[in-house]
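Structural overview
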Amino acid sequence: MSAASCLLTEDQFLCSICLDVFTDPVAIPCGHNFCKTCITQHWDKNDKCQCPNCKKTFNTRPELQVNTFISEMAAHSSEQQVSKPGEVPCDVCTGTKLKALKSCLVCLASYCETHLEPHLTAKQLKRHQLIDPVENLEDRMCTKHDKLLELFCKTDQMCVCMLCSISDHKTHDVVPLKEGYEGMKAELGKKDAEIQQMIQKTQLKIQEMKRSVELSKKDADREIAAGVQVFSALKESVERSQAELIDTIKEKQRETEKQAEGFIKELEQEISELEKRSSEVEQLSQSEDHLHLLQSFPSLNTAPPTKDWTGVSVRPPSYEGTVVRAVNQLEEMLSKQMKKLLEVELKRVQQYAVDVTLDPDTAQPDLILSDDGKQVYDGDVKKKLPDNPERFDYCVCVLSKQSFSSGRFYYEVQVKEKTNWDLGVARESINRKGKITASPQSGYWSICLRNKNEYKALADHPVSLSLKHQPEKVGVFVDYEEGLVSFYDVDAAALIYSFTGCCFTQKLYPYFCPYLNDGGKNSAPLIISPVNHTE
């Protein structure tokens, strides 16, 4: 039956009525085959008993019997699967290609169940190596020697044939394909473990970033709420100050109007009395009674008493200074509010305090550093020290041992009793030899004191700073990613200056310049102080 099945195509096992594999196949007298049910229903629907294929008509309906040969062949065919896209087809099948069950590494061909049978029964073919079906079997042959690739060269990491192993790869570490496979599989296992570890590490990083986003959102919400609260209070204060100013001005105007109304009322009363006397005088002057006129004249001859209004006037109120005083009061209120905000801000940045110590390998030879690396001043005497690339050789400057290339950090420096100093941060690649002009362009973000009371921010164009108090302790805060460097008067909880929008791409080092001793006038040291968190 196997030999016969290989001579038939799949189409020969299909019923021409239902177009499916035969179910109970029957043959009618003309020789055509159909499913028993299909041909019976076909004849039941039509008046003529006719073959659907050749149209031959039968006078009487033929007796139908199952064709056992076709039935067995159809059943066997249905058990084998037709090759689908992506599956390896049988190389022997003609017409419809059935799915291959095995590939032979000797024959370099793939076989379906039917065509595989000789490899399972024939003595010579049983020796062939069968594997799960694969495509492109020719790729398993050595292109140079046309032999099977059955060895693996560990030296060159490639598959070779037997002839290759005794020629081009004679001195190499060559092992059987199976051994190379097992070794490579073990390596793949290790690699997969590494990849899984990397996946876990990446997943942890994703979780870390998600937590950072959540914390950032909480911080943002808190800042927005605090900002809304502060600005609402400021808005209310401004509106209240404006209302008080308007009320003050209106009250002055009301007092002026009230005073004027009192004066006008008195003047109108005087006019009324004078008009009355004028009427009496006019009436008497028209009298022809000599006696009456002479008797009444003395009483009308004197004018009614009136007030001397010469020095009386209504002066408009003076508003000079009213608005200024109101704004000053508002400014005082804003100043108090600003101080509270700065206290909160300083307390917040102090959370990023780091331990900073001075690096003697960077110190200019005139500088004296304390043993603990926390103090520095100009000793006025140049010491003999190695002129290493990290050391400042002219300007009396020194960097910290610690560097920062991400995140936020904060430290405090006591500048008490000094007349000159520089403080800030510097990038790793700064020039440390010869004269130095400190500016962001040259890699320095710093502020300075000159001549005891001249404070400047050493920007690309220096900015003069007007400070209410001389700071005795300066706090330095850096947010690397934000590009921010801020300086604080710690005791006054006041912001001195901020560099914003900076672009940091290198390590940053805390930077100190105690400046020249100046004959003892500037002998006090710069002292890196422990951070006492503000309450």
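Placed above this text is the structure.
Values in this document were obtained by computation on a predicted structure and should not be read as measured data.

On a plain count of helices and strands, the protein comes out with eight helices and 23 strands. Scaling as 2.2 N^0.38, a compact globule of 535 residues should have a C-alpha radius of gyration of about 24 Å, whereas the protein reaches 55 Å, well beyond that. On the principal axes, the C-alpha backbone points of the protein span a range of 175 × 105 × 35 Å. Per-residue burial for the protein yields a buried fraction of 33% across its 535 residues. Contacts spanning at least 24 positions in sequence make up 56% of the contacts within the protein whose residues lie at least 6 apart. About 34600 Å² of surface is accessible on the protein, with carbon and sulfur atoms providing 52% of the total. Separation between the mean location of the 66 positive side-chain charges and that of the 80 negative ones in the protein comes to 7 Å.

Read from one edge to the other, the open sheet built from six strands follows the order S13-S22-S15-S16-S17-S18, with strand pairing classed as antiparallel. What marks the edges here is a single partner per strand, and that holds for strand S13 (398-399) and strand S18 (463-465). Note that S13 and strand S22 (residues 508-513) share two bridges and pair antiparallel. Counterpart to leucine 399 in the pairing with S22 is tyrosine 511.

The first and last C-alpha atoms of helix H6 (residues 177-285) sit 155 Å apart over 109 residues, in line with the 162 Å expected at 1.5 Å per residue. For H6, the full list of buried residues reads Gly180, Val230, Leu234, Ser237, Ser241, Leu245, Thr256, Ala260, Phe263, Glu270 and Leu284. Here the buried face of H6 lies against strand S8 (151-153), strand S10 (174-176), helix H7 (290-301) and helix H8 (322-349).

Turning next to H7. With 12 residues, H7 should reach 16 Å at 1.5 Å per residue; the first-to-last C-alpha distance of 16 Å fits that figure. Where H7 begins, the side chain of aspartate 289 points an oxygen toward the backbone nitrogen of leucine 291, at a separation of 3.2 Å.

Our focus in this paragraph is the side chain of aspartate 489. Residue position: aspartate 489 is located in strand S20 (residues 484-489). Discounting residues that sit within four places of it in the chain, aspartate 489 has contacts with His469, Gln470, Pro471, Lys473, Ala494 and Ile496.

What follows deals with the packing of aromatic side chains. Per the counting criterion, the structure on display carries 10 aromatic pairs. Plain terms: the ring middles of tyrosine 352 and phenylalanine 477 are 6.0 Å apart, the flat faces sit at 45 degrees to each other, and that makes the pair tilted. With tyrosine 352 in the loop between H8 and strand S11 (367-369) and phenylalanine 477 in strand S19 (residues 473-479), this pair connects stretches of sequence that are 125 residues apart. Here phenylalanine 477 falls in the buried class, since its relative accessible area comes to 6%. A network of ring pairs unites the aromatic residues Trp445, Tyr480 and Phe504 as a single cluster.

For the rest of this paragraph, the subject is the nonpolar core. Of all hydrophobic cores here, the largest spans 50 residues; its most connected members are Trp421, Val474, Phe499 and Phe512. Ignoring anything within four residues of it in the chain, the contact list for phenylalanine 499 reads Pro440, Trp445, Ser446, Ala457, Leu458, Ala459, Gly483, Leu484, Val485 and Phe487. With 14 residues, the next largest nonpolar core counts Cys15, Val26, Ile28 and Cys38 among its residues.

Take the sheet that holds S10 next. The strand order across the open sheet formed by three strands is S9-S8-S10, and the pairing between neighbours is antiparallel. Because the sheet does not close on itself, it has two edges, and the strands there are strand S9 (158-160) and S10. Shown here is a sheet whose adjacent strand axes are inclined to one another by a mean of 35 degrees, direction ignored. Against the sheet, H6 contacts S8, S9 and S10, and its axis sits at roughly 95 degrees relative to S10.

This next bit is on the pattern of salt bridges. The final tally for this structure, using the stated rule, is 18 salt bridges. Between arginine 222 and aspartate 219 there is a salt bridge, and its shortest N-O distance comes to 2.6 Å. With a gap of three residues between them, arginine 222 and aspartate 219 both fall in helix H6, about one helical turn apart. Lysine 374 is the partner of aspartate 355 in a salt bridge, and the nearest nitrogen-oxygen pair spans 2.5 Å. With aspartate 355 in the loop between H8 and S11 and lysine 374 in the loop between S11 and strand S12 (375-378), this pair connects stretches of sequence that are 19 residues apart. Owing to a relative accessible area of 56%, aspartate 355 belongs among the exposed residues under this scheme.

Parameters and conventions
Residues numbered from 1 in each chain as written. Predicted model: local features only at pLDDT ≥ 70, side-chain atom pairs only at ≥ 80, totals over all residues. Heavy atoms only, no water. Helix = DSSP H or I, 4+ residues; strand = E, 2+ residues; numbered from the N terminus. Rg over C-alpha atoms; globule rule 2.2 N^0.38 Å. Buried < 20%, exposed > 50% of the residue type's maximum accessible area, 1.4 Å probe, protein only. Contact = heavy atoms within 4.5 Å. Areas by Shrake-Rupley, 256 points an atom, 1.4 Å probe, with all protein chains shown as cover. Lys, Arg positive; Asp, Glu negative; His and termini not counted. Charge placed at Lys NZ, Arg CZ, Asp CG, Glu CD. Pairing = 2+ DSSP bridges. Expected span 1.5 Å × (residues − 1). Polar contact = N/O pair within 3.5 Å; in protein donor to acceptor, adjacent residues only side chain to side chain. Phe/Tyr/Trp six-rings, centres within 6.5 Å; stacked < 30°, edge-to-face > 60°. Core = buried A, V, L, I, M, F, W, Y, C linked by side-chain atoms within 4.5 Å. Axes fitted to C-alpha atoms, helices over the stretch in contact; angles between N-to-C directions. Salt bridge = Lys/Arg side-chain N within 4 Å of Asp/Glu carboxyl O.

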